[in-house]
Amino acid sequence: MISWKILLQYIYVGFRSVKDTQVLMENLQGSQVQLPLLEKGLVTGDLFLDWADVTHRYNRDNTDDDGKNSKYNARKKKSNVKGESSRSECTSTTSHVEIPKGLVLIEDFVSQKEEDILMAVLTGPQAPWAPSQKRMGGTEQVKRRVQHYGYVFDYATADVIRDRTIKTQIGSNGGACPPIPAIDVHKINDTSDLNENEKITNEQLKTFLDTAVKELNGWEVFAAIVEKTRRTDFGDSLTFPNLNQITLNEYPPGQGIGSHVDTPSAFSDGLISISLNSGCVMEFRRQNEGQKERKLIYLPPRSLLLMSGPARYEWEHMIVNRRTDTVDGVVIPRKLRVSLTLRTAIDLGDPPKPLQRVESHSYPPRWNISSTNKEDEANRNDQSSSSINAKKTPECEKQHVHAFYDAVAQQWHHTRSKRGVLWPGATKFLEALPQGSIVADVGCGDGKYFAAGWMSGCFVLGSDISLPLLQTALGGTDGGADPRQVQYDQSGASARPAVLVADCMNLPFLQNSCDAAICIAVMHHLSSEERRLQCLLELKRVVKNEGKIMVQAWALEQDKKNKRQFAGTDIFVPFNAQPKYLNKVTQPKNEKEPIQESNDGEHSKVPKSAAEVYSNAYEGADFDETKGLVVFKRYCHLYRYGELEYLVNQVDGLNMIEAGYESGNHYVLLQVTKS
């Protein structure tokens, strides 16, 4: 008997126009529909909708990002052939074509845990994204985000920048990209003259990697994976020990790369690509005795692909722009894919030799340039530990903490704080204070602890960097209807909390003006140790002698039953925002909508979803097309066991009364001692 669930797993529907298709996708994406197929009908699961138009298959721009111009694309452009689908055929359609010689695919080269850690560090707050670069021709910028390690790949010339001190389009010292993360061999063997990775045994390398994974040390995991790649035997003792250049490419769903062969004069044999977080179909093609050969190969997440010999020099490779791949009849949606391309950059000698490795076990890796672009320069300064001024807010916090809470304040109050979830330790701390105590609630948000303070007879001074959050603290959005809030008709003016916009780095309170202070879920938004210490110093300054302070911050160590598990200490935590809670945004009238060309030459506008329009209005935000949500990135520093205590011990005048763990947070209870 035929299973309807199997039969209806994929449904193909034809439409008269691109516009009709787009309207259907916008209205039904992620929803469930009833199909009148049986007497009672059939209700689908959550729909995932994709579409294909009969149009030019390949990008009409025949200039590639990573290599020489594609002759194949040039021929496609000149021939003006139409009729190939924008969705490539299933990989099974080229199963009869032999795999290009020199192509090796190793599945699960990195483990799931290693992948999680690499994604957290390589796309997180410490990621050293490259400054803006122009493509070949110099008229357009490279659209995708990239990172370079060891040596910069120059997209304008399709060559490697061999002189790290030279001035380039990036800026002065434009070749000074971050060094490749290396293993600190003294962590493995304390011998003073041990300074080469080659002296690390394979067993020691495995132990080092396992330890780095266990401790969630992302850059050490990266360093170990690089060294593991150099030592991998691809058959017949084929290894690539001189890998000295890494380019990381970030591919959002729908984005690919043009057909190309990596410049032979820039890199020697052996191109290696490691796929993280998502797979994709890579297409290989060549002209062989006047005949076109094509091979479609699916690269699963966590896999390693080697291109050597003919696969390196004779076959072009590309990734078609689309949101799905069809692999042996199964449609696989693409997610954000991060590709690590490892190559051996060579000099211009005859014969050419590998360039010297540029490595360091000082983490996180940094750029060392003076950019001509103000935004890039701000990001570089933000990364530089030597330029840190504790009271100066880094760009990372401005965008991914301050701007984040300003944007989502309404939803945060409506969905999270209204649940009234208070950490028991903080509540007990407030309840134990003498009546009449003046309490500084530093980073109060929408005032979730105000009621606990008021019920214990305290006067609360609430401060937060986000005005929109503070506007919800006294019923600013619902007239005080929230029973958790201090309502105007339940308290006199002297008992109602006072709120003000203030930075925890520089509180506008007099010295010794408060009897106690709480700082809940604030310090995990501070991006450097200097700023964390400055926060503790400010808390100590405003609290009287023998006054008490409660600090809580998010813990790296989470209960195994908790759905949220962290893969690093400094990360971006996604927050899904519903557009209805955000400030009203409309698409600018002068903004051009994407144009889609059909096979008959007809052009039609592709309407943007509400989530996409709203995400464009917020810097750094993305959107989830299937769920219609705006996705914000919230910066968080997750504290290890003992880290809060370590910070406290560096501040004179703060005595530890208690330290502990509750509800996924580390906390410390402190007493101020002033001479």
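Preceding this section is the structure that the text describes.
Residues numbered from 1 in each chain as written. Predicted model: local features only at pLDDT ≥ 70, side-chain atom pairs only at ≥ 80, totals over all residues. Heavy atoms only, no water.

## Side note on the sheet that holds strand E29 (residues 622-624)
The three strands lie next to each other as E26-E30-E29, forming an open sheet whose pairing is antiparallel. Here the strands that pair on one side only, and so sit at the sheet edges, are strand E26 (570-577) and E29. Mean inter-strand twist for the sheet, computed between neighbouring axes without regard to direction, equals 40 degrees. Relative to strand E30 (residues 629-637), E29 runs antiparallel, the two sharing three bridges. When the sheet's bridge partners are listed, Asp622 is paired in E30 with Val631. (Pairing = 2+ DSSP bridges. Helix = DSSP H or I, 4+ residues; strand = E, 2+ residues; numbered from the N terminus. Axes fitted to C-alpha atoms, helices over the stretch in contact; angles between N-to-C directions.)

## Quick word on the packing of aromatic side chains
Aromatic rings in a pair are described by how distant their centres are and how their planes are angled relative to each other. Taken as a whole and assessed by the stated rule, the structure comprises 14 aromatic pairs. On the basis of an interplanar angle of 80 degrees and a centroid distance of 5.2 Å, the ring pair of Tyr405 and Trp412 is categorised as edge-to-face. According to the relative accessible area criterion, Tyr405 is buried, its value standing at 11%. Between Tyr641 and Tyr661 the ring centres are 5.9 Å apart and the planes differ by 40 degrees, which places this aromatic pair in the tilted class. A residue pair is termed long-range when its members are at least 10 positions apart, and Tyr641 in the loop between E30 and helix H15 (643-648) and Tyr661 in strand E31 (residues 654-662) qualify at 20 residues. Residue classification places Tyr661 among the partly exposed positions, given a relative accessible area of 31%. Ring pairing ties together the aromatic residues Phe404, Tyr405, Trp412, Phe575, Tyr618 and Phe632, which thus form one cluster. Against the face of Trp129 rests Arg145, its NZ or CZ located 3.9 Å from the ring centre. The side chain of Arg343 reaches across the aromatic face of Phe267, ending 4.2 Å from its centre. (Phe/Tyr/Trp six-rings, centres within 6.5 Å; stacked < 30°, edge-to-face > 60°. Buried < 20%, exposed > 50% of the residue type's maximum accessible area, 1.4 Å probe, protein only. Lys NZ or Arg CZ within 6 Å of the ring centre and 35° of its normal.)

## Some words on the nonpolar core
Counting 49 residues, the largest nonpolar core has Leu122, Phe222, Ile272, Ile274, Leu276 and Leu340 as its most contacted members. Counting residues per element, this core draws most heavily on helix H6 (residues 218-231), at seven residues. (Core = buried A, V, L, I, M, F, W, Y, C linked by side-chain atoms within 4.5 Å.)

## Details of the pairing of E30
Along any regular strand, the residues point their side chains to alternate faces of the sheet. For E30, the tally of buried residues reaches eight of nine residues, placing the bulk of the element in the interior. The sheet contact formed by E26 and E30 spans eight bridges and is antiparallel. Note on E30: the bridge partner recorded for Ile571 is Cys636.

## Section: the sheet that holds strand E18 (residues 337-343)
Pairing in this open sheet of six strands is antiparallel, and the strands run E3-E14-E11-E18-E9-E4 from one edge to the other. Strands with a single pairing partner mark the edges of an open sheet, and in this sheet they are strand E3 (103-106) and strand E4 (146-149). Along the sheet, successive strands turn relative to each other by an average axial angle of 15 degrees, direction set aside. As paired elements, strand E9 (residues 245-251) and E18 share seven bridges and run antiparallel to each other. Bridged to Glu250 within E18 is Val338. Against the sheet, helix H4 (residues 112-122) engages E4, E9, strand E11 (271-276) and E18, with an angle of about 95 degrees to E11. (Contact = heavy atoms within 4.5 Å.)

## A few points about the packing of H4 against H6
In the contact formed by H4 and H6, the axes pass within 9 Å of each other and the chain directions differ by 115 degrees. Our pair here, H4 against H6, has a crossing hand that is left-handed. Here Glu114, Ile117, Leu118, Val121 and Leu122 of H4 come into contact with H6, specifically with Gly218, Trp219, Val221, Phe222 and Ile225. When the residues that make up the contact of H4 with H6 are grouped by side-chain class, the tally is eight nonpolar, one polar and one charged. (Left-handed = near helix turned anticlockwise from the far one by under 90°. Nonpolar A, V, L, I, M, F, W, Y, C, P; charged D, E, K, R; others polar.)

## Focus on empty space enclosed by the protein
Going through the model one piece at a time under the given rule, you end up with three cavities of 30 Å³ or more. For the largest cavity, the calculated volume is near 190 Å³. What lines the largest cavity is a set of 17 residues, and nearest its centre among them are Ser273, Met282, His317, Ser339 and Thr341. Residue assignment for the lining of the largest cavity shows that the elements contributing at least two residues are E9, strand E10 (257-260), E11, strand E15 (316-319) and E18. Ranked by residues supplied to the lining of the largest cavity, first place goes to E18 with four residues. Counted by class, the lining of the largest cavity contains seven nonpolar, six polar and four charged residues. Of the residues in the lining of the second largest cavity, the class split is four nonpolar, three polar and three charged. (1 Å grid on protein atoms, 1.4 Å probe; cavity = no way out; pocket = protein on both sides within 12 Å on 5 of 7 lines; lining within 4 Å. Points joined across faces, edges and corners; volume = space filled by probe spheres on them.)

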